[in-house]
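The primary structure of each chain is shown beneath.
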Amino acid sequence: MSVRALLDALDDAALASLGVELHDLVRRLYPVPRSLTGDGVRETLRVLQEWLAGVATGPTTAAPLRVHEVPSGSQAFDWTVPKEWNVREAWIKDPAGRKIADFAEHRLHLVGYSVPTRARMPLAELQEHLHSLPDRPDLVPYRTSYYAESWGFCLPHAQRAALPDGEYEVLVDATLTDGALSYGELELPGASAGEEVLLSAHVCHPQLANDNLSGLVVLAALARALAVLTPEQRRYTYRFVFVPGTIGAIVWLARNPDCARRVVHGLVAANLGDPGPGASAGAGGFHYKRSRRGNAAIDRAVQVAMCDLGEPLEVEDFVPFGYDERQYCSPGFDLPVGSLTRTPWGRYPEYHTSADDLDLVRPDALAGSVRAYLGVLAALEGDRRYRNLQPYGEPQLGRRGLYRTLGGDDRGRERELALLWVLNQSDGERGLLDIAEGSGVPMARLEEAARALAEAGLLGS
Amino acid sequence: MSVRALLDALDDAALASLGVELHDLVRRLYPVPRSLTGDGVRETLRVLQEWLAGVATGPTTAAPLRVHEVPSGSQAFDWTVPKEWNVREAWIKDPAGRKIADFAEHRLHLVGYSVPTRARMPLAELQEHLHSLPDRPDLVPYRTSYYAESWGFCLPHAQRAALPDGEYEVLVDATLTDGALSYGELELPGASAGEEVLLSAHVCHPQLANDNLSGLVVLAALARALAVLTPEQRRYTYRFVFVPGTIGAIVWLARNPDCARRVVHGLVAANLGDPGPGASAGAGGFHYKRSRRGNAAIDRAVQVAMCDLGEPLEVEDFVPFGYDERQYCSPGFDLPVGSLTRTPWGRYPEYHTSADDLDLVRPDALAGSVRAYLGVLAALEGDRRYRNLQPYGEPQLGRRGLYRTLGGDDRGRERELALLWVLNQSDGERGLLDIAEGSGVPMARLEEAARALAEAGLLGS
Amino acid sequence: MSVRALLDALDDAALASLGVELHDLVRRLYPVPRSLTGDGVRETLRVLQEWLAGVATGPTTAAPLRVHEVPSGSQAFDWTVPKEWNVREAWIKDPAGRKIADFAEHRLHLVGYSVPTRARMPLAELQEHLHSLPDRPDLVPYRTSYYAESWGFCLPHAQRAALPDGEYEVLVDATLTDGALSYGELELPGASAGEEVLLSAHVCHPQLANDNLSGLVVLAALARALAVLTPEQRRYTYRFVFVPGTIGAIVWLARNPDCARRVVHGLVAANLGDPGPGASAGAGGFHYKRSRRGNAAIDRAVQVAMCDLGEPLEVEDFVPFGYDERQYCSPGFDLPVGSLTRTPWGRYPEYHTSADDLDLVRPDALAGSVRAYLGVLAALEGDRRYRNLQPYGEPQLGRRGLYRTLGGDDRGRERELALLWVLNQSDGERGLLDIAEGSGVPMARLEEAARALAEAGLLGS
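To keep things clear, this report deals only with the structure shown in the data block. (Residues numbered from 1 in each chain as written. Chains lettered and ligands numbered in written order. Predicted model: local features only at pLDDT ≥ 70, side-chain atom pairs only at ≥ 80, totals over all residues. Heavy atoms only, no water.)

1. Quick word on the overall build of chain A
- Each helix and strand in chain A was counted, giving 14 helices and 19 strands.
- Computed over its C-alpha atoms, the radius of gyration of chain A comes to 25 Å, within 12% of the 23 Å expected for a compact globule of 461 residues.
- Its C-alpha atoms give chain A principal-axis dimensions of roughly 90 × 45 × 40 Å.
- Per-residue burial for chain A yields a buried fraction of 61% across its 461 residues.
- For chain A, the computed accessible surface area is about 16800 Å², with 49% contributed by carbon and sulfur atoms. (Helix = DSSP H or I, 4+ residues; strand = E, 2+ residues; numbered from the N terminus. Rg over C-alpha atoms; globule rule 2.2 N^0.38 Å. Buried < 20%, exposed > 50% of the residue type's maximum accessible area, 1.4 Å probe, protein only. Areas by Shrake-Rupley, 256 points an atom, 1.4 Å probe, with all protein chains shown as cover.)

2. A word on the relation of the copies chain C and chain A
- Superposing chain C onto chain A requires a rotation of 120 degrees together with a translation of 0.1 Å along the rotation axis, leaving an RMSD of 0.1 Å. Overall, the copies show the geometry of a three-fold rotation axis. Distance from the rotation axis, computed per C-alpha, reaches its smallest value in chain C at Asn 295 of chain C: 12 Å. (Least-squares fit on C-alpha atoms with pLDDT ≥ 70 in both.)

3. So, helix H14 (residues 443-455) of chain A
All names here are of chain A.
- Helix length check: H14 (13 residues) gives 18 Å between terminal C-alpha atoms against 18 Å at 1.5 Å per residue, within 8%.
- For H14, the full list of buried residues reads Met 443, Ala 444, Leu 446, Glu 447, Ala 449, Ala 450 and Leu 453.
- Just downstream of H14 lies Gly 457, where phi reads positive at about 75 degrees. (Expected span 1.5 Å × (residues − 1).)

4. Quick notes on the packing of helix H6 (residues 209-226) of chain B against helix H11 (residues 363-382) of chain B
Residues and elements named next belong to chain B.
- Across the interface, H6 lies against H11 with an axial gap of 9 Å and an inter-helix angle of 55 degrees. Classed by the angle they form, the pair H6 and H11 counts as oblique. For H6 against H11, the interelement crossing comes out right-handed. Along its contact with H6, which presents Ser 214, Val 217, Val 218, Leu 219, Ala 221, Leu 222 and Leu 226, the element H11 presents Leu 366, Ser 369, Val 370, Tyr 373, Leu 374 and Leu 377.
- Class assignment of the residues belonging to the contact of H6 with H11 gives a composition of 11 nonpolar, two polar and no charged. (Axes fitted to C-alpha atoms, helices over the stretch in contact; angles between N-to-C directions. Parallel < 35°, antiparallel > 145°, perpendicular 65-115°, else oblique. Left-handed = near helix turned anticlockwise from the far one by under 90°. Contact = heavy atoms within 4.5 Å. Nonpolar A, V, L, I, M, F, W, Y, C, P; charged D, E, K, R; others polar.)

5. Thoughts on the interface of chain B and chain A
- Tallying the contact residues gives 25 residues for chain B and 25 residues for chain A.
- Carbon and sulfur atoms make up 51% of the area that chain B and chain A hide from each other, which totals about 2200 Å².
- Counting every contact that joins chain B to chain A gives four salt bridges.
- Among the ionic pairs, Arg 326 of chain A bridges to Glu 394 of chain B, the shortest N-O distance being 2.5 Å.
- The element best represented in the side of chain B that touches chain A is helix H12 (residues 413-425) of chain B, accounting for seven residues.
- Taken together, the residues of the side of chain B that touches chain A sort by class into nine nonpolar, nine polar and seven charged. (Buried area = accessible area lost by both parts, 1.4 Å probe. Salt bridge = Lys/Arg side-chain N within 4 Å of Asp/Glu carboxyl O.)

6. Details of the packing of helix H9 (residues 297-309) of chain A against helix H13 (residues 432-439) of chain A
Residue and element names in this part refer to chain A.
- Where H9 meets H13, the axes come as close as 10 Å, and the angle between the chain directions of the two elements is 45 degrees. Considering the angle they form, H9 stands oblique to H13. For H9 against H13, the interelement crossing comes out left-handed. Facing Ala 297, Arg 300, Ala 301 and Val 304 of H9, the residues of H13 in contact are Leu 433, Asp 434, Ala 436 and Glu 437.
- Looking at the contact of H9 with H13 residue by residue, the classes come out as five nonpolar, no polar and three charged.

7. A few points about the sheet that holds strand E5 (residues 99-100) of chain A
Residues and elements named next belong to chain A.
- Reading across the sheet, the four strands line up as E5-E4-E9-E6 and stay open at both edges, with antiparallel pairing between neighbours. The open sheet has two free edges, formed respectively by E5 and strand E6 (117-122), since each of these has just one partner strand.
- Bridge count between E6 and strand E9 (residues 167-177): six bridges; the pairing is antiparallel. Bridged to Thr 117 within E9 is Val 172. (Pairing = 2+ DSSP bridges.)

8. Things to note about the interface of chain C and chain A
- Each partner contributes to the interface: chain C provides 24 residues, whereas chain A provides 25 residues.
- Of all residues in chain C, the largest losses of buried area upon contact with chain A belong to Asp 78, Arg 292 and Pro 320 of chain C, amounting jointly to 28% of the total for that side.
- Taken together, the links from chain C to chain A amount to four salt bridges.
- Inspection of the chain C/chain A interface yields 12 residue pairs in polar contact (both at pLDDT 80 or more).
- In the side of chain C that touches chain A, the residues fall into 14 nonpolar, six polar and four charged. (Polar contact = N/O pair within 3.5 Å; in protein donor to acceptor, adjacent residues only side chain to side chain.)

9. Regarding the state of the cysteines
- The tally for this structure, following the rule as stated, stands at zero disulfides over all chains.
- Not engaged in a disulfide, the cysteine Cys 329 of chain B finds its nearest cysteine sulfur in Cys 259 of chain B; these two sulfurs lie 17 Å apart. (Disulfide = S-S within 2.5 Å.)

10. What to know about the pairing of strand E17 (residues 385-388) of chain B
All names here are of chain B.
- Judged by which residues are buried, E17 turns out to be one-sided: Tyr 386 and Asn 388 face inward and are buried, whereas Arg 385 and Arg 387, on the alternate face, are not.
- In this structure, E17 lies alongside strand E18 (residues 427-431), joined through two bridges in antiparallel fashion. Residue pairing for E18: Arg 385 is matched across the bridge by Gly 431.

11. Observations concerning unusual backbone geometry
All names here are of chain A.
- Across the junction of Asp 211 and Asn 212, the peptide omega takes the value 25 degrees, indicating a cis bond.
- The topology assignment puts Asn 212 in helix H6 (residues 209-226).
- In this model, Ala 101 sits at a positive phi of 50 degrees, which is unusual for a non-glycine residue.
- The residue Tyr 113 is not glycine, and still its phi comes out positive at about 65 degrees.

12. Considering the sheet that holds strand E19 (residues 459-460) of chain A
Residue and element names in this part refer to chain A.
- Spatially, E18-E17-E19 is the arrangement adopted by the three strands of the open sheet, whose pairing is antiparallel. Since the sheet does not close on itself, it has two edges, and those belong to strand E18 (427-431) and E19, each with one partner.
- Across two bridges, the pairing between strand E17 (residues 385-388) and E19 is antiparallel. Paired with Asn 388 across the bridge in E19 is Leu 459.
- Sheet strands in contact with H13 are E17 and E18, and its direction is about 65 degrees off that of E18.

13. Description of the environment of Val 422 of chain C
All names here are of chain C.
- Within the fold, Val 422 resides in helix H12 (residues 413-425).
- The class for Val 422 is buried, based on a relative accessible area of 0%.
- A sequence separation of 140 residues divides Val 422 from Gly 282, and the C-alpha atoms of the two residues are 36 Å apart.
- The residues contacting Val 422, other than those within four sequence positions of it, are Leu 432, Ile 435, Leu 446, Ala 449, Ala 450, Leu 453 and Leu 459.

14. What to know about the environment of Ala 260 of chain B
Residues and elements named next belong to chain B.
- When you line up the elements, Ala 260 lands in helix H8 (residues 257-262).
- Taking relative accessible area as the criterion, Ala 260 reaches 4% and is therefore assigned buried.
- With near-sequence residues (within four places) excluded, Ala 260 lies in contact with Trp 252, Leu 253, Phe 333 and Leu 335.

15. Considering the pattern of salt bridges
- With the rule as written, the count across this model stands at 96 salt bridges over all chains.
- Glu 187 of chain B is the salt-bridge partner of Arg 239 of chain B, the closest N and O atoms lying 3.4 Å from each other. Here the residue Arg 239 of chain B occupies a position in strand E12 (residues 236-243), and Glu 187 of chain B occupies one in strand E10 (residues 180-188), the gap between them amounting to 52 residues.
- By relative accessible area, which is 5% here, Arg 239 of chain B ends up buried.
- Judged by its relative accessible area of 31%, Glu 187 of chain B is partly exposed.
- The shortest N-O distance in the salt bridge between Arg 224 of chain C and Glu 21 of chain C comes to 2.7 Å. Of this pair, Arg 224 of chain C sits in helix H6 (residues 209-226) while Glu 21 of chain C sits in helix H2 (residues 12-29); the two residues are 203 residues apart in sequence, bridging distant segments of the chain.

16. Remarks on the packing of aromatic side chains
- Taken as a whole, this structure holds 39 aromatic pairs over all chains when the rule is applied.
- When the centroid spacing of 6.4 Å and the interplanar angle of 85 degrees are considered together, the rings of Trp 252 of chain B and Tyr 328 of chain B count as edge-to-face. Of this pair, Trp 252 of chain B sits in helix H7 (residues 247-255) while Tyr 328 of chain B sits in helix H10 (residues 325-328), and the two are 76 residues apart along the sequence.
- Take Trp 252 of chain B: its relative accessible area is 0%, and that puts it in the buried class.
- By way of ring pairs, the aromatic residues Trp 79, Trp 85, Tyr 113, Tyr 146 and Tyr 147 of chain A are connected into one cluster.
- Positioned above the aromatic ring of Phe 321 of chain B, the side-chain terminus of Arg 413 of chain C is 5.5 Å from the ring centre. (Phe/Tyr/Trp six-rings, centres within 6.5 Å; stacked < 30°, edge-to-face > 60°. Lys NZ or Arg CZ within 6 Å of the ring centre and 35° of its normal.)

The structure is reproduced here in structure tokens:
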């Protein structure tokens, strides 16, 4: 068994069933009231733990999702872990006593980290605490105020515009007290203990399905798939982290300097359930934002793997905004971490609104994202440098049974080309990923060729 | 005050008034009979001296335009300063005694460096000394014969074709005697005495407005603007040279080896008054010819600055013909000197003809060229490498008042992006110009961000 | 005399006569029954020897085409020289006793290296030994079985489909016995004994005109042309090898390690008689496959030379299949050898079928290919690095008679530009080929300029 074999096993039926399963998991997590800290994050991690434990068998039970709690006030580089925020109840009552912007109805109604409040005020004063989207009057926007003490509510602009004058009652029955920041971590050890693949998703967004329940469930499915392998069958150690955005990634980096040093490849997972950046043109596909380094193996593996899978791919250079690749790619770390998404950060109309819901996220998109991530990991696992042991002219493949015997025929051509590419390029400097890039031959074919040549004694490492 | 502040002060009203002023200066210099040497060059430099002295106040008076005289016969590398040429009178009289091709009417009528002549000859013999443009029959071409002793006249082809047979009288009442080559030089010292910016324009062309009175007046205006700053407010020392083409630049290089070694950036200024290379398509803009090095800071600064100013820009690689960048970029010097022009050398139909006149050169184009040059200099002055002092993850901008406090909002976005770019890229290797190129964020925003971050203790050098 | 002079002498009349002569030579070689080994290869090499000896005079007689015989069973790296194969007679007789697929009629009817056979069998059994092209039912395909002992016949699919049931008689009256592999080699020594240009063509294909009689006759014509020069007039030693594909090139490499080490440039010649890859669009031209190195001098010289000749050129990166560049570019050798062809390997519809005949190959295409190869060699011979001995500013070309004397005129412009390019770029690092690539100035103009500048003492080496 190998990562490549896991990928090959993902046939149409397996994908269809996986998609339904993941969409159900998104649905279950959707109303959980997440924020930077608090019980919603804990509950989310607990559901993921349960999902992983309930389905997987064998090795997974030995590598559970561990939840870490970091007390408020802890230092992490330039940052301090904030107070923990939990909400019991939050709403506005209009002059007629009707509840509007009720947190119980939708988690986006309350500005994240709103301080406890109980007050009465006229509409004019209330307006300073309201947020809406004039150009999309039916949607509730997503707003937070993590690092400035204030409170506020979000509501559809159409509703806001129709609010009558009069006295309003406001309740934010929340606690903002010393507690902890929670994050989850799952490690699947591999053959090479010193080389890790980091897979990270942010766990802090409330009731938004694509951003980022999709990232959480895709990584969970990936962890479950990889857990089927024994440590010897995984070249790399895989480390999954489910962290609150920014502060969570910084806390993880601060607490795990050794892990950070071992990261040889990494991806930040987000927005993996929408139809993809090319959907309007009939080709969904993916978007990849390169690591800060720009030409790390992960950057090349993503392009090769998406090409091999036939997935359309948009690629853009690193920019220092987006998700937690900002932290992993800060100049003090400069880790080889990119971000593979469907439609990226901020570029779909439903982004950071109540329209990022259970309809935006599709079962087939979720399952296809798991397949895409497996494809990237398979390419990384298969990438090795070999040395042609018969480098003077081509070796005679025919007498080793590696060659079609009838010259001029077209059969076996693709297999033969892979053999020739690997032989010609394997000078100890270029690896299979280099060869895939230069030749267009799929990694899977190159890996097969390298195996056959190694068995025939023609290829060494 | 800074170069960037000078640029920011150039608002529409300032540009309009500057344009009129510069066009008046072109008009005043237009009929002065310039050549490689002679009193016309001296008069041109004197007018520029007067213009600079008459308008500028303060520091400029301490850094006047100095005129240097280099005697005929002086050696400069492979060259010898030629004899000085001055013309009192020059014309042809047709068989009816009517003057044609009269130097008094237009300086282009006489081939530059024509030797003294008084003769009578039939039309057939005269023809060997005439130059015209059959495909543009109404224009007088520009011709010189600096390094071969001969004489000649230029006239419209239509006029030439209508010349009757008969005896013609020719007068070239000129002197070609030992004298001197004159050039002008103006130095504005800066904070870094060891690093100079060279700004060069050729001063030898007679009655041609765009080529190169436009270059002379744009550099004069630039010198006047920079003179308002104190030496401490200028990062670089600025050296303006107004030299006869080729021989003048070579003489300057031969006499100033120390200056040449200090040149860290440079531009050759010419053709800066026409509407620009994209004028026929409604976008005038500029043309930039890269330095021989091809990726010097000046080459990158021009592209960034023109982009920031919204000026369309054509860019081409170095070629060893054109203006005095040929000399500055000769392999023995290989200075980082490019050439920023409106329509370049030889590519506008009026080039080197009597149609390069006061109508071709426009006030707004002249003033816009000063703005463009200031933009380039501002980018060069602002380009520095910094080091992020909190490079592990992002520093917390919020508690330092550097960040919009309400997550999810769009306000302050541009300012925030500049902060993030500078923090992420400042690893001591990449400077602001690199960041501008990679990010598309204007240099001015990056400079502001770097200042704010340095004040907050987050950025060092 | 020089290679460039040979090229210049190839005017239209010379090309026309050369084309006819080469097509006659192709016609003469067409029916000779070539294979990997055997008397057909010997006869082919003998005809080339005779053609070279019969026409050329002088130096060529001192450097004849030498034929080497390498015994069956000899080792060459991973390979063993196979038994020698010769055919006396081969055919199938249908149930009515009529001969079909008769080797006497067309050499492609018999699968190469078919083992001796005399048998009777029903059609169903015979079918397993037949090869045809269902999608091109009128053509005979080319098939070989070098390294698996079997026999077979090739015939038009239309004929095969119409074969009646019944008993067929098969005769392969051939010998497959210890003998030798034959190849030809011709060396033209040059001034620099330590630097060789390798020109290689495969000699093993039976009755196929473009692939590769065209390659053989073009190289023969090239050898004859270069033989006119004295060794002092050739910068490089030229080594022509006419080898059976794959095994022949490997044998040559194994027996000539010193030659291989001396190869500084090389080309594999094939498919040089068809109208060219752009023929259907009205521009025939050439195809070039780069060496494995990708930016060797040969790779650059081909592009410059084809541009200078006005020949359209397709270029592709190295791939490890095609002709014997596979062997020369194996990682143990990695020689700077590309392949310059008309339509390349496998991309014309007649490829490896009986339609690759005397009509596909055209006299003008053959002669034009000789011209193209001469152009490439001229560029390689002319490429040198110089050093500008007056690198501080431009030297004064005028007083050395190297410059048009009348400024502003357009005459002599191209010659002057070549002078300026060579002067500006000759810093001891960049050679004429670099300058040609950067400037677009033809190599011939740059070589002239360099000569003139060297004579004037302005350029050293």
